[in-house]
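What follows is the residue order along each chain.
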Amino acid sequence: MKEISVVITMDCEPSTATSHPKATGPRDWAMGERAVLGYAGIAKEYGFPCTFFVHPETILAQADLFRQLEREGHCVGLHMHPWKYSYWRYRGERYRAHFGDLSDAEATALRIRGSRVEGAETESGFQAAGAVIVAAGAWSGMLLSAFGPGFGIEPVRGQIALLRGRPGLLAAIVGADCHYLIPRRDGRILAGSTVERAGFDKTTTREAVDELAAAARSLIPALSGAPVETAWAGLRPGSPGGIPLIGPHPSVEGLFLNPGHYRNGLFLAPGSAALLADLVLQRPPLLDPAPYLPR
Ligand SMILES: Cc1cc2nc3c(=O)[nH]c(=O)nc-3n(C[C@H](O)[C@H](O)[C@H](O)COP(=O)(O)OP(=O)(O)OC[C@H]3O[C@@H](n4cnc5c(N)ncnc54)[C@H](O)[C@@H]3O)c2cc1C
């Protein structure tokens, strides 16, 4: 007989009293707590732990409840809706109501008094903060070098070309040397990428797009007739050795760094953010921070 895996999960929405009456959450936090404990209790009768997908609003309001459930062997994870941060809908207000203001204003400088950071000067005024994290990607060096070392953070341009292939032509990601191809379900194939030191210039170039298309066609000869539909470029935050900086600034109190993820920021983001949070909140760190500490 095949093995059967059982996963018992619960989506823990915020209370409708804090979101809106038509939302699917409980009427109030007390009702939410009863539902969560009742569900965990039923699962326990059958010997199963639960996995709770907890909305950020809920984990803030019911931190003690979920800490207790974790201690009892249940699994607690965050249930995020990135669109709630977005400005295209609700102007980011859905999470702002719970986490304070989210500003998309550009930070123009850090305000430092003595050896302590006090906050950031931004386009829309001064933003005071007890702790400041510089995570401005390739632009981080600009903010940092105004008062000390820029830690070797530099922009490294990467260009990508999109070829119009046909569905089914390529079933999986393939790569050779520094080139790779990523198939999309609709048949389009993403061909990446260049590694260029071109300053803060995010434009694409004809030579690079031709090179990417040629590499794609040499990897998959069936792409010989596939036209390049579009191309784009991004700036990676390059760092010495491609090692990210994670942790406190060596001489400015309250200032933390998190740039330099170079080619791997998407893969490294969860671990990097968790380690940084431990260091900012002075908790025992998830892993040894030594290789990443800014020096
Ligand atoms: C073509 C290409 C392909 C890639 N492929 C992969 C991949 O397959 N896997 C992978 O793991 N990584 C990949 N990467 C790398 C990945 O994109 C980066 O490592 C990652 O984006 C770095 O994240 P970050 O948040 O540090 O910087 P960014 O993503 O650059 O974000 C920095 C943010 O800070 C903002 N900012 C800058 N200055 C200021 C300021 N003064 N005030 C306020 N905001 C500011 C910027 O607008 C930006 O939104 C790729 C990169 C490129 C270019």
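Since this is a predicted model, take the numbers as computed values, not measurements.

About the criteria used
- Residues numbered from 1 in each chain as written.
- Predicted model: local features only at pLDDT ≥ 70, side-chain atom pairs only at ≥ 80, totals over all residues.
- Helix = DSSP H or I, 4+ residues; strand = E, 2+ residues; numbered from the N terminus.
- Buried ≥ 20, exposed ≤ 12 C-beta atoms within 10 Å, placed from the backbone.
- Contact = placed C-beta atoms within 7 Å.
- Pairing = 2+ DSSP bridges.
- Domains from an automatic or database assignment.
- Nonpolar A, V, L, I, M, F, W, Y, C, P; charged D, E, K, R; others polar.

Visitor: Would you mind showing me how to read the overall build of the chain here?
Guide: Within the chain, the secondary structure is distributed over seven helices and 14 strands. For the chain, the C-alpha atoms occupy an extent of roughly 65 × 65 × 40 Å along the three principal directions. Taken across its 295 residues, the chain has 26% of its residues classed as buried. Within the chain, contacts between residues at least 6 apart in sequence are counted, and of these 57% link residues at least 24 apart.

Visitor: Would you mind showing me how to read the pairing of strand S5 (residues 116-122) here?
Guide: The side chains of a regular strand alternate, residue by residue, between the two faces of the sheet. Taken together, the six bridges between strand S4 (residues 107-113) and S5 define a ladder with antiparallel strand orientation. Within S5, the position partnered with Leu110 by the bridge is Ala120. A loop of two residues connects S4 with S5, the two strands running antiparallel in sequence, and Gly114 in this loop sits at a positive phi of about 60°. In the sheet, S5 pairs with strand S6 (residues 125-128) via four bridges, with the strands oriented antiparallel. For Gly119, the partnering residue across the bridge sits in S6 and is Ala128. From the end of S5 to the start of S6, which pair antiparallel, there are two residues.

Visitor: What is the right way to read the domain arrangement of the chain from this model?
Guide: How big an interface is tends to be reported as the loss of accessible area on association of its parts. Assigned domains of the chain: these are domain 1 (8-83), domain 2 (107-153 + 241-292) and domain 3 (154-238). Distance between the C-alpha centres of domain 2 and domain 3: 31 Å. Class assignment for the residues of the side of domain 2 that touches domain 3 results in four nonpolar, six polar and one charged.

Visitor: Hey, could you run me through the environment of Val54 in this one?
Guide: Topologically, Val54 is positioned in strand S2 (residues 50-54). In sequence terms Val54 and Gly260 are 206 residues apart; their C-alpha atoms lie 31 Å from each other. Apart from the residues lying within four places of it in its own chain, the contact partners of Val54 are Cys12, Ile59, Phe66, Val76, Leu78 and His79.

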